[in-house]
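Tertiary structure, described
Given next are the chains, with one letter for each unit.
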Amino acid sequence: MKSRMLGVALCGMLCCGSLFAAEHYNRADIARGKYLVSITGCNDCHTPGYPQSGGKLPVEQWLVGDKVGFKGPWGTTYPSNLRLFFQRLSEAEWIKWAKTMQTRPPMPWFALRDMHERDLKAMYRFVRSLGAAGEASPAYVPPGQEPATPYFVFEPVMPQKR
């Protein structure tokens, strides 16, 4: 009987891990993180269908990455699954990563670099509170190789002479 109760408790902890993780975060931080994710455009790339829905997808669908790539002179990049990514990092690791990373386009890494640490913490706490969901995004495709997935093309545009 004891082992069965332990198993039930362990299953509950694993199934509801995101609820337990969220409990030790201040609700105001989570709300601030949700606000920051919303206004900084994270969902535009990292949440499939978000722009097409006019930003009306339920929060449960946010930040799971996408299989639609962005192809340009740098190759083809994919929006990562932030919900899986954040589950692997401590808050301190996230802040260090956000302040020092430099990624390929179209990710505006410089925006994260310039954010206040308190805002990065709030974003981290919000994303962690969502829990893990979805699958890993496709791997980067180097320049000159054709991606196997749909993609947007980024091409330089030369100004027209008048």
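This write-up is about the structure you can find in this document. Nothing here was measured: the structure is a model prediction, and the numbers come from that model. (Residues numbered from 1 in each chain as written. Predicted model: local features only at pLDDT ≥ 70, side-chain atom pairs only at ≥ 80, totals over all residues. Heavy atoms only, no water.)

So, the layout of surface pockets
For clarity, the threshold we go by: Buriedness of a pocket was judged along seven lines, with at least five required to meet protein on both sides within 12 Å; pockets are open sets of points on a 1 Å grid over the protein atoms alone, cavities are sets where a 1.4 Å probe fits but cannot get out, and lining residues have an atom within 4 Å of a point. Grid points are joined across faces, edges and corners, and a volume is the space filled by probe spheres set on the points. Strands here mean DSSP runs of E at least two residues long; helices mean DSSP runs of H or I at least four residues long; both are numbered from the N terminus. Gly falls in the polar group here, along with every residue not listed as nonpolar (Ala, Val, Leu, Ile, Met, Phe, Trp, Tyr, Cys, Pro) or charged (Asp, Glu, Lys, Arg).
Roughly 840 Å³ of volume is contained in the largest pocket. As for the largest pocket, its lining consists of 36 residues, of which His46, Pro79, Ser80, Leu82 and Met107 are closest to the centre. Mapped by element, the contributors of at least two residues to the lining of the largest pocket are helix H4 (42-46), helix H5 (82-87), helix H6 (91-100), helix H7 (109-114) and helix H8 (117-130). Among the elements that line the lining of the largest pocket, the one with the most residues is H5, at 4 residues. Counted by class, the lining of the largest pocket contains 26 nonpolar, 8 polar and 2 charged residues.

Details of the packing of aromatic side chains
Quick reminder of the rule: Side-chain rings of Phe, Tyr and Trp (the six-membered ring for Trp) are treated as a pair once their centres are within 6.5 Å; stacked means planes under 30 degrees apart, edge-to-face means over 60, and tilted covers the remaining angles. Any residue under 20% of the maximum accessible area for its type is buried, any over 50% is exposed, and the rest in between are partly exposed; the area is computed with a 1.4 Å probe on protein chains only. Counting as a charge over the ring demands two things of the Lys NZ or Arg CZ atom: a distance within 6 Å of the ring centre and an angle within 35 degrees of the ring normal.
Taken as a whole and assessed by the stated rule, the structure comprises 11 aromatic pairs. With a centroid separation of 6.0 Å and an interplanar angle of 90 degrees, the aromatic rings of Tyr50 and Trp62 are classed as edge-to-face. Of this pair, Tyr50 sits in the loop between H4 and strand S1 (69-72) while Trp62 sits in the loop between H4 and S1; the two residues are 12 residues apart in sequence, bridging distant segments of the chain. Tyr50 sits in the buried class, given a relative accessible area of 10%. With a centroid separation of 5.5 Å and an interplanar angle of 20 degrees, the aromatic rings of Phe70 and Phe152 are classed as stacked. Here Phe70, found in strand S1, pairs with Phe152, found in strand S3 (residues 151-153); they are 82 residues apart in sequence, far enough to count as distant. Residue Phe152 is classed as partly exposed on the basis of its relative accessible area, which comes to 47%. A network of ring pairs unites the aromatic residues Phe85, Phe86, Trp94, Trp97 and Tyr124 as a single cluster. The lysine or arginine in question, Arg104, covers the ring of Tyr140, its NZ or CZ lying 3.4 Å from the ring centre.

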